[in-house]
Amino acid sequence: MENKSCSRCKYLERYYTKGVNRFDKTYFGLCRKRRESVNVRECRCEKYEADRHIGVIGRRAVKVCLNGVNQFAIVIRLLFLF
């Protein structure tokens, strides 16, 4: 298996710091496979496994929102036609 960057690994639990209005990512995290703290940018791990769920939630959310917008547009058209 190729050595890939740990930043997209499913075993990485990234550390966050408290910002003013949100939590900000740090460049460090806990690797659950190696059980040690790693630098996300420099880490090349032989235990890398891609996180398959990245982006899936975003696509679903967009579909749900667009469906809601389309239904709202249909209702508006019906109200103004009659």
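Residues numbered from 1 in each chain as written. Predicted model: local features only at pLDDT ≥ 70, side-chain atom pairs only at ≥ 80, totals over all residues. Heavy atoms only, no water.

### Concerning the packing of aromatic side chains
Here the distance between the centres and the angle between the planes together describe a pair of aromatic rings.
Then comes step 1: The tally for this structure, following the rule as stated, stands at zero aromatic pairs.
Then comes step 2: A cation over a ring is seen here: lysine 18 above phenylalanine 23, with NZ or CZ 5.3 Å from the ring centre. (Phe/Tyr/Trp six-rings, centres within 6.5 Å; stacked < 30°, edge-to-face > 60°. Lys NZ or Arg CZ within 6 Å of the ring centre and 35° of its normal.)

### Overview of unusual backbone geometry
Then comes step 1: In the Ramachandran plot, arginine 35 falls in the positive-phi region, its phi being about 55° despite a non-glycine side chain.
Then comes step 2: Here arginine 35 lies in the loop between β3 (23-31) and β4 (36-39). (Helix = DSSP H or I, 4+ residues; strand = E, 2+ residues; numbered from the N terminus.)

### Observations regarding a nonpolar patch on the surface
Then comes step 1: A cluster of nonpolar side chains, Tyr15, Tyr27, Phe28 and Leu30, forms an exposed patch at the surface whose accessible area comes to about 380 Å².
Then comes step 2: Sorting elements by how many residues they give to the nonpolar patch places β3 first, with three residues.
Then comes step 3: Looking at the element boundaries, phenylalanine 28 is found in strand β3. (Patch = residues over 30% accessible without salt bridge, like charges linked within 9 Å, V, L, I, M, F, W, Y side chains within 5 Å. Areas by Shrake-Rupley, 256 points an atom, 1.4 Å probe, with all protein chains shown as cover. Salt bridge = Lys/Arg side-chain N within 4 Å of Asp/Glu carboxyl O.)

### Comments concerning the sheet that holds β3
Then comes step 1: An order of β2-β3-β4 is seen for the three strands of this open sheet, with the pairing classed as antiparallel. Lying at the two open borders of the sheet, with one neighbouring strand each, are β2 (12-18) and β4. Between one strand and the next, the sheet's axes are offset by a mean angle of 45°, whatever the strand orientation.
Then comes step 2: In this structure, β3 lies alongside β4, joined through four bridges in antiparallel fashion. In the strand pairing of β4, cysteine 31 is matched with glutamate 36. (Pairing = 2+ DSSP bridges. Axes fitted to C-alpha atoms, helices over the stretch in contact; angles between N-to-C directions.)

### With respect to the pattern of salt bridges
Then comes step 1: Taken as a whole, this structure holds three salt bridges when the rule is applied.
Then comes step 2: Across the pair arginine 22 and aspartate 24 runs a salt bridge whose closest N-O atoms are separated by 3.2 Å.
Then comes step 3: On the basis of relative accessibility, which here comes to 26%, the residue aspartate 24 falls in the partly exposed class. (Buried < 20%, exposed > 50% of the residue type's maximum accessible area, 1.4 Å probe, protein only.)

### Comments concerning the environment of leucine 30
Then comes step 1: As for its position among the elements, leucine 30 is in strand β3.
Then comes step 2: Taking relative accessible area as the criterion, leucine 30 reaches 30% and is therefore assigned partly exposed.
Then comes step 3: Taking the C-alpha atoms as reference, leucine 30 lies 5.1 Å from glutamate 13; in sequence the two are 17 residues apart.
Then comes step 4: Residues contacting leucine 30, with those up to four places away along its chain left out, are Tyr11, Leu12, Glu13, Tyr15, Arg35, Glu36 and Ser37. (Contact = heavy atoms within 4.5 Å.)

### Overview of the pairing of β2
Within a regular strand, the side chains alternate between the two sheet faces.
Then comes step 1: Examined bridge by bridge, β2 and β3 share six bridges and lie antiparallel to one another. Residue pairing across strands places arginine 14 opposite glycine 29, the latter belonging to β3.
Then comes step 2: Hairpin remark: β2 followed by β3, antiparallel, with four residues in the connecting loop.

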